[in-house]
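Structural overview
The lines below spell out each chain.
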Amino acid sequence: YTQSQVADWSSPALVESQRQLLQKFDELVQEAEKTYYKNIREDTYLTHREFLIRRYLPAADWNMAEAERRILSTLKFRAEFNILSMHEEGAADRIMSCEHNPGVELYFADSGKTDYYRRPF
């Protein structure tokens, strides 16, 4: 791809690459749901397909095979480490004790903790 094609996401060559990768992404998600990532439809990280494609293609230097490999790797990682469970209320307390790791709840989406003014943190 030329620099001008990359700058213009609507260029015909890039649009075709995006379309192909979106189709492959959907196939990978379907396969993952059948085999190793049963609750994949609940993973909000994966709901914005076009946004993900726009991240993976440039990261793979516009190489379709490499972008596909990276997407597959991401799906497997999220399934293996049960990423969805880390966003449940109280995940920080369940996974790591604040008593031994002060501030650990800041690494989780919903720690269920509030400050003095009852604002979530």
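Here the structure is shown first, and the text comes after it.
The structure displayed is predicted, hence computed values, not measured ones.

With that out of the way, let us pick up helix α3 (residues 49-59). Looking at α3, one finds that the buried residues are Leu52, Ile53, Tyr56 and Leu57. Buried residues of α3, viewed axially, fall in a sector of 125 degrees; they line one side. Once α3 finishes, aspartate 61 follows within two positions and takes phi at roughly 50 degrees, a positive value.

Here we come to the side chain of aspartate 43. On the secondary structure map, aspartate 43 appears in the loop between α2 (12-35) and α3. Once you skip the residues sitting within four places of it in the chain, aspartate 43 turns out to touch Tyr37, Arg78 and Leu84.

Now for empty space enclosed by the protein. A full pass over the atoms with the stated rule returns one cavity of 30 Å³ or more. Considering only enclosed or pocket space, the largest cavity measures out at about 30 Å³ in volume. Among the elements that make up the lining of the largest cavity, the one with the highest residue count is helix α4 (residues 64-80) (three residues). Classifying every residue of the lining of the largest cavity by side-chain character gives seven nonpolar, one polar and no charged.

So, how was this worked out
- Residues numbered from 1 in each chain as written.
- Predicted model: local features only at pLDDT ≥ 70, side-chain atom pairs only at ≥ 80, totals over all residues.
- Heavy atoms only, no water.
- Buried < 20%, exposed > 50% of the residue type's maximum accessible area, 1.4 Å probe, protein only.
- Helix = DSSP H or I, 4+ residues; strand = E, 2+ residues; numbered from the N terminus.
- Arc of directions from axis to C-beta.
- Contact = heavy atoms within 4.5 Å.
- 1 Å grid on protein atoms, 1.4 Å probe; cavity = no way out; pocket = protein on both sides within 12 Å on 5 of 7 lines; lining within 4 Å.
- Points joined across faces, edges and corners; volume = space filled by probe spheres on them.
- Nonpolar A, V, L, I, M, F, W, Y, C, P; charged D, E, K, R; others polar.

Scope: geometric values only; no functional claims are made or implied.
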